[in-house]
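Now for the letters of each chain:
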Amino acid sequence: MPDTSATAHKADANAVPHTDMANAIRALAMDAVQQADSGHPGMPMGMADVATVLFTRFLKFDPGAPRWPDRDRFVLSAGHGSMLLYALLYLTGYADMTLDEIKRFRQLGSKTPGHPEYGHAGGIETTTGPLGQGLANAVGMALAERSLAARFGDAAVDHYTYAIVGDGCLMEGIGQEAATLAGHLGLGKLIVLFDDNGISIDGPTSLSTSDDHLLRFAAANWHVSRVDGHKPDEVEMAIRHARTVLDRPSLIACRTTIGYGAPTKAGTAATHGSPLGKDEVAGARTKLGWSSPPFDIPAPILAAWRAVGARGAPQRAAWETRVAALSDADRQEWSRRQSGTCPDSLAPALRAFKAKAAQDKPSWATRKSSQEVLEVVNPLLPETIGGSADLTGSNNTKTATTAPIKRGAYDGRYVYYGIREHAMAATMNGLALHGGIIPYGGTFLVFTDYCRPSIRLSALMGQGVIYVMTHDSIGLGEDGPTHQPVEHLAALRAVPGLLVFRPADVIETAECWDLALRHRDRPSVLALTRQNVPTLRGADDENLCARGAYILAGSASDKARLIATGSEVQLALAARQALAADGVTAAVVSMPSWELFAQQPEAYRSEVLGKAGTPRVACEAGVGLGWERWLGANGAFVGMTSFGASAKYQELYSHFGITSDAIAAAARRLATSRPSSRAKAAPRTRRKN
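About the cut-offs
Throughout, a residue's number is its position along its own chain's written sequence, starting from 1. For this predicted model, a pLDDT threshold of at least 70 governs which residues receive local features, and a threshold of 80 or more governs which side-chain atom pairs are given and counted, while totals over whole chains, interfaces and linings are taken from all residues. Neither water nor hydrogens contribute to the side-chain values; these are computed over all heavy atoms in the structure. We call Phe, Tyr and Trp rings a pair once their centres come within 6.5 Å, taking the six-membered ring for Trp, and we label the pair stacked below 30 degrees between planes, edge-to-face above 60, and tilted otherwise. We call a residue buried when its accessible area falls under 20% of the maximum for its residue type, exposed when it is over 50%, and partly exposed in between, using a 1.4 Å probe and counting protein chains only. Per the convention used, a helix needs a DSSP run of H or I reaching at least four residues, while a strand needs a run of E reaching at least two, with both numbered from the N terminus. Here, a charge over a ring means that NZ of Lys or CZ of Arg falls within 6 Å of the ring centre while also lying within 35 degrees of the ring normal. Take a side-chain nitrogen of Lys or Arg and a carboxyl oxygen of Asp or Glu: if they are within 4 Å of each other, that pair is a salt bridge. One bridge is not enough; two strands pair if DSSP finds at least two bridges between them. To get an axis, fit a line to the C-alpha atoms, keeping to the stretch in contact for a helix; angles then go from 0 to 180 degrees between the N-to-C directions. Values of pLDDT, which run from 0 to 100, indicate the predictor's confidence residue by residue. Residues count as neighbours in contact if any of their non-hydrogen atoms are within 4.5 Å of one another. Under this scheme an angle from 65 to 115 degrees is roughly perpendicular, one under 35 degrees roughly parallel, and one over 145 degrees roughly antiparallel; angles in between are oblique. Computed over the protein atoms alone on a 1 Å grid, cavities are sets of points where a 1.4 Å probe fits but cannot get out and pockets are open sets with protein on both sides within 12 Å along at least five of seven lines; a residue lines them when it has an atom within 4 Å of a point. Grid points are joined across faces, edges and corners, and a volume is the space filled by probe spheres set on the points. We call Asp, Glu, Lys and Arg charged. Ala, Val, Leu, Ile, Met, Phe, Trp, Tyr, Cys and Pro are nonpolar, and the rest, Gly among them, are polar. In this text, buried Ala, Val, Leu, Ile, Met, Phe, Trp, Tyr and Cys residues form a nonpolar core when linked through side-chain atoms within 4.5 Å. What a helix is expected to span follows from its residue count: subtract one and scale by 1.5 Å. Starting at the helix axis, one direction is taken to each C-beta atom, and the arc is that of these directions.

**As for the packing of aromatic side chains**
Taken as a whole, this structure holds 18 aromatic pairs when the rule is applied. Measuring from ring centre to ring centre gives 5.1 Å for Y414 and Y416, while their planes differ by 70°; the resulting arrangement is edge-to-face. For Y414, a relative accessible area of 0% translates into the label buried. Residue class for Y416 comes out partly exposed when judged on its relative accessible area of 44%. Ring centres 6.1 Å apart and planes at 80° place the aromatic pair W594 and W630 in the edge-to-face group. You can see W594 sitting in helix α23 (residues 594-598) and its partner W630 sitting in helix α25 (residues 628-631), a full 36 residues away along the chain. The pair formed by W594 and W630 is uniform in burial state, with each residue classed as buried. Joined through ring pairs, the aromatic side chains of W594, F597, Y604, W627, W630 and F637 make up one cluster. In this structure, K368 packs its charged tip against the face of W364, placed 5.7 Å from the ring centre.

Below, the structure is given as structure tokens:
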């Protein structure tokens, strides 16, 4: 489609000078920060000209329909400058961004927190603040646009992704990871506006860096240009040209003055993260020629901004007409994907998979089981986009129906992310935020450390990203303690809103995948084994993992409970047999998801775990932190108390005392002793490393 946006949009705002419209942003930013006595006025004041050009002359959006699927995406990666975004949302007429909300900047319960938070108000596309995350999210959004356009055509999907980044976004390692991935994939509808103000919190950026970002990005297959960020026509020409460069993303370095208009603090770090002060604000009003009192936007200026916002409604209406003209099948599939619902065919397909697995009883590593499940899922859910951080053959994340996504060929469904774990996770957040895509990606569980900030943001934003994390314990063997996750399950379970699944066999793996796919409002981690494990369960029609934990063997009347996850469930079953020979009855509880179990009614949890004082032994090849929640006063834990070692996994389990004998011994001790005041670790002897 021809690019007529700049000409048409510019005409809308001709009645009011560009400077007045940009100064409205500056005034709201410095007033809100001053009233809150907290915030970052410098970036919004410095980038007001660039943002005004983008919103008045290019951006396709409709404040009356903030979730319109074919809107342009605008990501404020430099999230500390949140008042830039809030001011734009208010000025252009988003209903939930009122002047009162601007006045409540950084106050409890407001829609204007210190950094933009997804879901707080329409027009906030992602949660930003941790620098570089927004840039990587934007890469995911741009990739989603190309993927959906390849499937549904430009009539339904034809929009740009814009991001404003600062020096910090480009200094962060995730910024480099995301930039090289975007360049490699040739995401030409991604346009990044760099607030090149040369200032960081400590002072001039020359204190810490001497990078030439344009050369760096050009080397990564980006189109690059440099403009004076306070000359709107220069900015317009650069954006207009970038929109025509469709074989690679664009970086436009906009040279700006941080705190533009502040009489004594402009161009200094003093404007970065502190209010200007009353005298400086007054001086800025004089210098900018802005005579209106705080929070007062003159009617002609506000009307001009509202006209910019109103421009999107007819564009959206035209898009709706085009979507209505799609074939019945395409229109129905489009609607289903946008709604985030799974097709009706998924449930019976997974039931059939479980039935066959129960009959065949394969001894597969759960990473292999995961791949087999995906071979069923991916043909039924064409919205899945998988990937791996250079561990495809180890994570088992690629299937027969997921051809790779390549530059210029976006009809594939698999991303070779390379060794970019952090950017992979943040890009998947962008894919999910865009809508119409279910992203999953893999690496080793130990490398969730490299993904953690993005996993945390998945949870904070309530995005159904699926993290396929294999090699989940000392069971990976010879690679040793550098690659053996010990504390990672505990750390992941500490993240609010994150579902952590550790399935015990192929049946549980299928059920956990089903749950992850259906939870579109929270992310999931699938912790999967490298080593083979036996099939332990039959093929119930019910998804037993949906309750988080259940009695796998024995009954609620048994004297003791043996609780385990993942590869250690088989050890608990063996321990149960040993205890039975001694006349001690024990029920084995498989607990693939703490989070889902915690949501169950108290009566169910009591049935599964036994009443207070029931002897409970938990076994997991990780640290015991957190298990006291389930063990109660008469419990013991069999697991890791140190880092691992390099050896065959069978030797390691014996060496670290994670055995059925240790579980049985702990249960015998608890069954014959009085409950203590707290859970204890099971005694065992092992040599130190």
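**What about the pattern of salt bridges?**
Per the stated rule, a full pass over the model turns up 36 salt bridges. Measuring nitrogen to oxygen at the nearest pair gives 3.0 Å for the salt bridge that ties R337 to E333. Taken together, the residues R337 and E333, both in helix α14 (residues 328-339) and 4 residues apart, mark about one turn of the helix. Comparing R337 with E333 shows no difference in burial state: the two are buried. A salt bridge links K648 to E478; the shortest N-O distance between them is 3.6 Å. On the criterion of sequence distance, the pair formed by K648 in the loop between β20 (635-640) and α26 (649-655) and E478 in the loop between β12 (466-470) and α20 (488-493) is long-range, its members being 170 residues apart. Residue classification places K648 among the partly exposed positions, given a relative accessible area of 48%.

**With respect to the sheet that holds strand β11 (residues 438-444)**
Strands sit in the order β10-β9-β11-β12-β14-β13 across an open sheet of 6 strands; the sheet is parallel. Single-partner strands in this sheet number two, and they are β10 (414-416) and β13 (499-501). Shown here is a sheet whose adjacent strand axes are inclined to one another by a mean of 20°, direction ignored. Two elements, strand β9 (residues 384-388) and β10, share 3 bridges in a ladder whose sense is parallel. Bridging from a neighbouring strand, G386 pairs with Y414 of β10.

**Brief notes about the confidence of the model for the protein**
Confidence along the protein averages 95 in pLDDT terms, with 96% of residues attaining 70 or more. The element-level mean pLDDT for the protein is lowest in helix α1 (residues 5-12), coming to 45, with β13 highest at 99. A low-confidence stretch, residues 683-689 (pLDDT under 50), is modelled with 17 contacts involving residues beyond four sequence positions or located in other chains.

**Some words on the sheet that holds strand β2 (residues 161-165)**
With parallel pairing, 5 strands are arranged side by side in an open sheet as β1-β2-β3-β7-β6. Both outer strands of the open sheet, β1 (73-76) and β6 (223-228), are each paired with one neighbouring strand and no more. The sheet shows a mean angle of 20° between the axes of neighbouring strands, taken without regard to direction. Pairing analysis gives 6 bridges linking β6 to strand β7 (residues 250-255), with the strands arranged parallel. The partner of V224 across the bridge, within β7, is L251.

**Details of the packing of helix α2 (residues 18-36) against helix α12 (residues 299-310)**
α12 packs onto α2 with a crossing angle of 95° between their chain directions and a minimal axis gap of 10 Å. Here α2 is positioned roughly perpendicular relative to α12, judged by the angle of their axes. Contacts between α2 and α12 involve D20, M21, A24 and I25 from the first element and I301, A304, W305 and V308 from the second.

**Observations concerning empty space enclosed by the protein**
On inspection of all chains with the given rule, the structure shows 2 cavities of 30 Å³ or more. Forming the walls of the largest cavity are F55, L59, F61, R71, D72, R73, F74, L85, L89, Y94, G123 and E125. When contributions to the lining of the largest cavity are tallied by element, the ones reaching two or more residues are β1 and α4 (82-92). Taken together, the residues of the lining of the largest cavity sort by class into 7 nonpolar, 1 polar and 4 charged. One number sums up the size of the second largest cavity: a volume of about 40 Å³. Lining the second largest cavity we find F74, V75, L76, L85, P116, G123, I124, E125, T126 and T128. Considering each element in turn, the lining of the second largest cavity owes the most residues, 3 residues, to β1. Residues of the lining of the second largest cavity, tallied by class, amount to 6 nonpolar, 3 polar and 1 charged.

**Some remarks on the nonpolar core**
Core analysis: the biggest nonpolar cluster contains 71 residues, and L143, L187, L190, V192, W222 and Y467 have the highest contact counts within it. With residues near it in sequence (within four places) discarded, L187 still touches V139, A142, L143, R146, A182, R248, P249 and Y410. One finds A51, L85, V227 and A238 within the second-largest nonpolar core, a separate group that totals 61 residues.

**Focus on α12**
Here α12 contains 12 residues, and its C-alpha end-to-end distance of 16 Å stays within 8% of the 16 Å for a straight helix at 1.5 Å per residue. Of all the residues in α12, the buried ones are I301, L302, A304, W305, V308 and G309. For α12, the angular spread of the buried residues around the axis is 160°, confining them to a single face. Along α12, exposed side chains directed more than 90 degrees from the buried face belong to A299 and P300.

**Let's talk about α4**
The buried fraction of α4 is high, at 11 of 11 residues. Among the residues of α4, those classed as buried are S82, M83, L84, L85, Y86, A87, L88, L89, Y90, L91 and T92. On its buried face, α4 is in contact with α2, α3 (42-57), β1, α5 (99-103), β2 and α12. Positive phi appears at G93, one or two residues downstream of α4, with a value of about 100°.

**Thoughts on the layout of surface pockets**
Its volume calculated, the second largest pocket comes out at about 350 Å³. In this structure, the second largest pocket is lined by 21 residues; those nearest its centre are Q338, G340, A432, G435 and G436. Elements with a contribution of two residues or more to the lining of the second largest pocket: α14 and α18 (421-434). By residue class, the composition of the lining of the second largest pocket is 6 nonpolar, 9 polar and 6 charged.

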